[in-house]
Amino acid sequence: MTHAPVPPGATIGFLGGGQLGRMTAMAARTLGYEVRVLDPERDCPARYLANETITAPWDDADAAARLATGCAAVTLEIEQIPRASLEAAAKLAPLSPSVEAVYVVQDRARQKAWLGSNGFPLGPFRIVGDATTTGDAVATLGKSIVKSAMGGYDGRGQVRVTRPDEGRAAFESLRAPVCVVEGFLDIATELSVLVARRADGVAVAYPTSRNVHTGGVLTWAVTPSGADASLESQAQALALGIGEQLGIVGLLAVELFVLQDGSLLVNELAPRPHNTFHHSERAHPTSQFEQLVRAICHLPLGAVDVVRPAAIHNLLGELWQRGAPDFGKALAVPGVRVHLYGKKESRPGRKMGHLSADGATPEEALDRVLSAYRALTI
Ligand code: ATP
Ligand code: MG
């Protein structure tokens, strides 16, 4: 099957108008496309980039159909959209990634089972559907994390436990029909790889990003990651293999754990732009956002080599506790840019924006975002 490039002036539909949709919409605008957005929130961050915004909940399949009608391509920034809504959109316009790919990824238990049965390396885990089984799993695995299969992000929907009774309580408190219990891993480093793939199977993998989380939420990320050549090629091959096996069209982020013994495990997948590649705007000729537009519009994929080391630092809602921070303090640091998502309401843990910086070395880029962030907290 040949895929004609989608011409400028055509409309791209976005399921989701959060920050990922907003930044991808900016890239789509730059390439000359019109933008239509569906999001449950009226004042979603992508609203001001869109020709048209539809406000409706994710389970409104008619709204998903309205979004897709007349679009040359539809993509998404969030994987947890009910299958019926995905199918309704896919009936009316090419949806990338496909319903099937999103369906595998959107449920943590289904995703784990899929990765395991396709031979991709995972840490020890159990899929559980009641408190007793959760307690048994913790008895076997020891120190663990109980994660709800659906609906979790940024470390929400997860409880860290050590004893079986804590495991049982965690299952009850999560109020999820299915959870995954993961043995707590001795992680040396967290890396991520981003794969971009077109419908004809042409694919590229970005060099790995090194990521540091606090309490389950990404704090900062830096490229190049410092992984040695062998780990780097192993990580890229793994991510390209998963992307191909899933038949991803668009982007696939693969979160990886490097253990103390150097072995590589898959943490989880995201079929969309990813927080750990926001600095792709600085580090590579092609940002993840532009790459997504290129991939779904059957355009040539852009170069992904590292042209300049770069880093990002997330800005979470707690920084707004005493009013908006003085961003001039961050902008005074050489190489630093401020990216704000236009969210009107700040809440603790809510991703409000990020800082990015380039540098002569990854250490310098990281040092710049860290000192700019510190300046905002004083
Ligand atoms: P996000 O949306 O930020 O990707 P999430 O809610 O999907 O987060 P995970 O990716 O499952 O959550 O976990 C968040 C972080 O918690 C990981 O990046 C890692 O730092 C830590 N973590 C998760 N699972 C484990 C594990 N099995 N052992 C040790 N640490 C873990
Ligand atoms: Mg994660």
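This text goes with the structure placed above it.
Residues numbered from 1 in each chain as written. Chains lettered and ligands numbered in written order. Predicted model: local features only at pLDDT ≥ 70, side-chain atom pairs only at ≥ 80, totals over all residues. Heavy atoms only, no water.

Chemist: Explain the coordination of the magnesium ion (ligand 2) to me, and be specific about the residues and the numbers.
Modeler: Donor atoms from the polypeptide that bind the magnesium ion (ligand 2) are Glu 255 (OE) and Glu 268 (OE), placed at 1.9 to 2.1 Å. With Glu 255 in strand 13 (residues 250–259) and Glu 268 in strand 14 (residues 264–270), this pair connects stretches of sequence that are 13 residues apart. The class for Glu 268 is partly exposed, based on a relative accessible area of 21%. (Donors = N, O, S within 2.8 Å, 3.2 Å for Na, K, Ca; no water. Helix = DSSP H or I, 4+ residues; strand = E, 2+ residues; numbered from the N terminus. Buried < 20%, exposed > 50% of the residue type's maximum accessible area, 1.4 Å probe, protein only.)

Chemist: Mind laying out the pairing of strand 2 (residues 34–39), listing which residues take part and the relevant values?
Modeler: By the criterion of burial, strand 2 is predominantly enclosed, with five of the six residues buried. Bridge count between strand 2 and strand 3 (residues 52–55): four bridges; the pairing is parallel. Bridge pairing links Leu 38 to Ile 54 in strand 3. (Pairing = 2+ DSSP bridges.)

Chemist: Give me the sheet that holds strand 3: which residues, what numbers.
Modeler: Pairing is parallel in the open sheet, where four strands are placed in the order 3-2-1-4. Looking at which strands have only one partner, the edges of the open sheet turn out to be strand 3 and strand 4 (73–76). Each neighbouring strand pair of the sheet contributes to a mean axis angle of 20°, computed without reference to strand direction. Its contacts with the sheet put helix 1 (residues 19–30) on strand 1 (11–15) and strand 2, and the angle it makes with strand 1 is roughly 175°. This element, helix 2 (residues 61–68), spans strand 1, strand 2, strand 3 and strand 4 of the sheet and lies at about 175° to strand 2. (Axes fitted to C-alpha atoms, helices over the stretch in contact; angles between N-to-C directions. Contact = heavy atoms within 4.5 Å.)

Chemist: Lay out the packing of helix 6 (residues 131–141) against helix 7 (residues 164–174) with the relevant residues and their values.
Modeler: As a packed pair, helix 6 and helix 7 sit with axes 7 Å apart at the nearest point and diverge in direction by 140°. Considered as vectors, helix 6 and helix 7 are oriented oblique to each other. Between helix 6 and helix 7 lies a crossing whose hand is right-handed. Judged by residue contacts, Ala 131, Thr 132, Thr 134, Gly 135, Val 138 and Ala 139 of helix 6 engage Pro 164, Gly 167, Arg 168, Phe 171 and Glu 172 from helix 7. (Parallel < 35°, antiparallel > 145°, perpendicular 65-115°, else oblique. Left-handed = near helix turned anticlockwise from the far one by under 90°.)

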